[in-house]
Amino acid sequence: MAAVSYFHLTAPIALYFGALFKAFMPLEYEEYQDAFEAGKWVPGDPRPWLGRSIIFKLQGLVHTDHADSGPCVCFLVGFFEGGEMLVPQLGSKFL
């Protein structure tokens, strides 16, 4: 039940980034819909993301899913000091 509540509470964020995905990458967005429909596991989950997670107070290593395809949205929120998010594929570091 907690997963369903989490997906419903984060639906506005999913819808916002889904609209950006559709606007900036319309061909990929349409192609991704088949994957979303096949992988959707929460009824009423808005398109197009298969999953959402919040990582809180975690220092991790660079993570890559080599077999995955499709878009990913990552962003930093909150107030913190000394943290950063590295995206090696883009040669970027977000402070």
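Check the entry above for the structure.
All of the points below concern the structure found in this document. Note that the structure is predicted; figures quoted are calculated from it, not measured.

**Thoughts on the layout of surface pockets**
Thought 1: Roughly 2,400 Å³ of volume is contained in the largest pocket.
Thought 2: Taken together, 44 residues make up the lining of the largest pocket; nearest its centre are Ile55, Val73, Cys74, Phe75 and Met85.
Thought 3: Broken down by secondary-structure element, the contributors of at least two residues to the lining of the largest pocket are helix H2 (11–24), helix H3 (26–39) and strand E1 (85–87).
Thought 4: Partitioning the lining of the largest pocket into residue classes produces 28 nonpolar, 11 polar and 5 charged.

**A few points about the environment of leucine 76**
Thought 1: Assignment of secondary structure puts leucine 76 in the loop between H3 and E1.
Thought 2: Residues leucine 76 and valine 42, 34 residues apart in the sequence, show an inter-C-alpha distance of 25 Å.

**Some points on the nonpolar core**
Thought 1: Counting 5 residues, the largest nonpolar core consists of Ala14, Phe21, Tyr29, Tyr32 and Trp49.
Thought 2: Looking at this core, the elements that each hand over two or more residues are H2 and H3.
Thought 3: Those residues within four positions of tryptophan 49 in sequence are excluded, and the remaining contacts are Ala14, Phe17, Gly18, Phe21, Phe36, Pro71 and Val73.

So, how was this worked out
Residues numbered from 1 in each chain as written. Predicted model: local features only at pLDDT ≥ 70, side-chain atom pairs only at ≥ 80, totals over all residues. Heavy atoms only, no water. 1 Å grid on protein atoms, 1.4 Å probe; cavity = no way out; pocket = protein on both sides within 12 Å on 5 of 7 lines; lining within 4 Å. Points joined across faces, edges and corners; volume = space filled by probe spheres on them. Helix = DSSP H or I, 4+ residues; strand = E, 2+ residues; numbered from the N terminus. Nonpolar A, V, L, I, M, F, W, Y, C, P; charged D, E, K, R; others polar. Core = buried A, V, L, I, M, F, W, Y, C linked by side-chain atoms within 4.5 Å. Buried < 20%, exposed > 50% of the residue type's maximum accessible area, 1.4 Å probe, protein only. Contact = heavy atoms within 4.5 Å.

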